[in-house]
Amino acid sequence: MSREPRRPRCAPLIPRARAGRAQRAVLVLLALCAGALLLAGQPLVPTARSLALHFATLQAGELLKGACYLAEEIFHLDSRHHGSFWRALSSCFPPHWHGPMLLVCGSAYVALFGDGQQLGLHFTLASLCQLLILALGIRKPSAVEMSEMSERSKQNVAHGLAWSFYVGYLKIVLPRVKKSMEEFSRANPNLPACKKTWKLHILIPLSCDIYDDLEKADSNIQYVTELTETTLARAGIKKRVYKHSLYAITDEENQLWHCAVEYATPLQTLYAMSQDECAAFSREERLEQAKLFYRTLEEILRGSKECADTYRLIAYEEPEEAESHFLSREIVWHLRQEHHEEISVQEQSHPPSPSTALDSAELNLQISVSDLPQPLRTDGF
């Protein structure tokens, strides 16, 4: 029975999609606050009046913020809103219930308090406070809110790069990888064949630092040959060529592993953006986008039927102390994992049969040497 290989110690942590726990926390805190009000035994009318005032203040703040944005957007009606004022208005005030909510809260306050002058004073003070908050920039979304909004709306740099990589490259080449590996295996029958490794192994370093020559990245990785080319007409380019390089990876026991491996080229874009001042892309943002790129690409490929079982994503974080053979060990770990998976599948498809050994006297078959049919008995019958 083969032993499953252990994971390298530098396995990266890829964040999962947020599961809405913040919204559940809001509901829990809302229930606690409501319970605290009930236990405090406050009179109903003053409590309702205060709630109506607070709601009116919040809606007034949102309307004032929208009015400030509208003052800018009216100068971009043609370029941003197709010349439509109502489109600009709806963009500045996305939830259409702010106005009606303000009227309802104001009416409830007047009905409970009975004095419109007090409402006007409170409304003026609330507007002053909201405008001060906007002017000082106090109410800004946190980094977590920005991250969640961009992930939920699928508008990250990583989302665009992952989809571009899939549609413009992987969707074209992955369905042909197994056939290319099969042709190489037939041309080299002396090399051991493990069909589970007949995939395109895509390297995703979270540092986005990519070597153009894998042999320079690790001396245990040696170029062998090019696999069969795929030639297509693409985006006006006649006979565009897609091909993969086959490498021999030497493990710590000097055993050779052959596989098609290459970097995910969009990571070069992330790295270049972090080096260009015009992109305003920090190292921390680059790391976050690299992780999101891996997660998005994994989700896309998992849902692609034509790319099933034709790829292996190898995401890794390079160790702080340089190791000359870190990359080859990382690739070999995945190859061993695939080899282990193939052995497991073979064992499941060919379960050991129960012992049904028959005595040689009970099963005495004779194989005829002649091509003509011969009697099975030796006594001539």
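Everything here concerns the structure above.
Criteria and thresholds
- Residues numbered from 1 in each chain as written.
- Predicted model: local features only at pLDDT ≥ 70, side-chain atom pairs only at ≥ 80, totals over all residues.
- Heavy atoms only, no water.
- Helix = DSSP H or I, 4+ residues; strand = E, 2+ residues; numbered from the N terminus.
- Buried < 20%, exposed > 50% of the residue type's maximum accessible area, 1.4 Å probe, protein only.
- Contact = heavy atoms within 4.5 Å.
- Phe/Tyr/Trp six-rings, centres within 6.5 Å; stacked < 30°, edge-to-face > 60°.
- Core = buried A, V, L, I, M, F, W, Y, C linked by side-chain atoms within 4.5 Å.
- Expected span 1.5 Å × (residues − 1).
- Pairing = 2+ DSSP bridges.
- Salt bridge = Lys/Arg side-chain N within 4 Å of Asp/Glu carboxyl O.
- Axes fitted to C-alpha atoms, helices over the stretch in contact; angles between N-to-C directions.
- Parallel < 35°, antiparallel > 145°, perpendicular 65-115°, else oblique.
- Left-handed = near helix turned anticlockwise from the far one by under 90°.
- Nonpolar A, V, L, I, M, F, W, Y, C, P; charged D, E, K, R; others polar.

**Student:** Would you mind going over the overall build of the chain with me for this structure?
**Tutor:** A count of helices and strands for the chain gives 13 helices and seven strands. Within the chain, buried positions represent 33% of all 381 residues. Sequence-distant contacts, at least 24 apart, represent 68% of the contacts inside the chain between residues at least 6 apart.

**Student:** Would you take a moment to explain the packing of aromatic side chains for this structure?
**Tutor:** We describe a pair of aromatic rings using the distance from one ring centre to the other and the angle between the two ring planes. Taken as a whole, this structure holds seven aromatic pairs when the rule is applied. Look at F85 and W86: their rings are 6.0 Å apart centre to centre, the planes differ by 70 degrees, and that puts the pair in the edge-to-face class. Taking the relative accessible area as the measure of exposure, W86 reaches 64% and is therefore exposed. Aromatic pair Y169 and Y242: ring centres 6.3 Å apart, planes at 35 degrees, arrangement tilted. Of this pair, Y169 sits in helix α8 (residues 157-173) while Y242 is found in strand β4 (residues 237-242), placing the two residues 73 residues apart along the sequence. The pair Y169 / Y242 is uniform in exposure class, with both members buried. An aromatic cluster is built from F165, Y169, Y242 and F293, whose rings are joined through pairwise contacts.

**Student:** So what exactly am I meant to see when it comes to the environment of I133 here?
**Tutor:** One can find I133 in helix α6 (residues 116-136). I133 gets classed as partly exposed once you look at its relative accessible area, which sits at 25%. Residues in contact with I133, not counting those within four places in the same chain, are I138 and R139.

**Student:** I would appreciate a short explanation of the nonpolar core in the present structure.
**Tutor:** With 56 residues, the main nonpolar core has L170, I204, F293 and L297 as its most contacted residues. Beyond its immediate stretch of four places on either side in the chain, L297 contacts A162, F165, Y166, L170, I204 and L313. Listed in part, the five residues of the second largest apolar core include L70, L77, A88 and C92.

**Student:** When you look at helix α2 (residues 44-73) in this model, what are you seeing that I'm missing?
**Tutor:** Each turn of an α-helix holds 3.6 residues, which means side chains three or four residues apart point in the same direction. In this model, α2 (30 residues) spans 43 Å end to end at C-alpha, consistent with the 44 Å of a helix rising 1.5 Å per residue. Burial in α2 covers these residues: T47, A52, A56, T57, Q59, A60, G61, G66, L70 and E73.

**Student:** Can you walk me through the pairing of strand β6 (residues 256-263) in this structure?
**Tutor:** The side chains of a regular strand alternate between the sheet's two faces. In terms of burial, β6 is largely enclosed, as six of its eight residues are buried. Judged from the four bridges that link them, strand β1 (residues 200-205) and β6 form a sheet pairing that is parallel. By the bridge assignment, I202 is partnered in β6 with E262. Judged from the five bridges that link them, strand β5 (residues 245-250) and β6 form a sheet pairing that is antiparallel. Across the sheet, residue T250 finds its bridge partner in β6, namely L256.

**Student:** Where do I start with the pairing of β5 in this structure?
**Tutor:** Among the six residues in β5, six count as buried, and that is most of the element. Alternating positions in β5 separate into two faces, S245, Y247 and I249 on one and L246, A248 and T250 on the other, with burial throughout. Note that strand β2 (residues 221-226) and β5 share five bridges and pair antiparallel. Across the sheet, residue Q222 finds its bridge partner in β5, namely A248. Between the antiparallel neighbours β5 and β6 lie five residues, among them N254 with a positive phi of about 65 degrees.

**Student:** When you look at the pattern of salt bridges in this model, what are you seeing that I'm missing?
**Tutor:** If charged atoms from side chains of opposite charge come close, those side chains can pair. In total, this model carries nine salt bridges according to the counting rule given. Residue D309 is joined to K199 by a salt bridge in which the shortest nitrogen-to-oxygen separation is 3.3 Å. Here K199 lies in the loop between α9 (177-187) and β1 and D309 lies in the loop between α12 (283-302) and β7 (311-316), a separation of 110 residues in the sequence. Since its relative accessible area comes to 5%, K199 is described here as buried. Across the pair E299 and R295 runs a salt bridge, and its minimum N-O distance is 3.9 Å.

**Student:** Even after reading the chapter, I still don't get the packing of helix α11 (residues 266-275) against α12, so can you show me in this structure?
**Tutor:** Packed helices, taken two at a time, are described by the angle between their axes plus the distance between the axes. Relative to each other, α11 and α12 sit at 165 degrees, their axes nearing to 10 Å. One element, α11, and the other, α12, form an angle in the roughly antiparallel class. Crossing of α11 over α12 shows right-handed handedness. Residue-level inspection shows P266, L267, L270, Y271, S274 and Q275 of α11 in contact with α12, the latter providing R286, Q289, A290 and F293. Across the contact of α11 with α12, the residue classes break down as six nonpolar, three polar and one charged.

**Student:** Explanation requested: the sheet that holds β5 in the structure shown.
**Tutor:** Note on sheets: strands pair through backbone hydrogen bonds, and any given pair is parallel or antiparallel. Taken together, five strands build an open sheet; the order of strands is β2-β5-β6-β1-β7 and the sheet is mixed. Looking at the sheet topology across the chains shown, the edges are occupied by β2 and β7. When strand polarity is set aside, the average angle formed by the axes of neighbouring strands in this sheet is 40 degrees. Bridge count for β1 against β7 is six bridges, and the pairing is parallel. Residue pairing for β7: I204 is matched across the bridge by A315.

Everything listed here is a matter of coordinates, which is why it stays silent on function.
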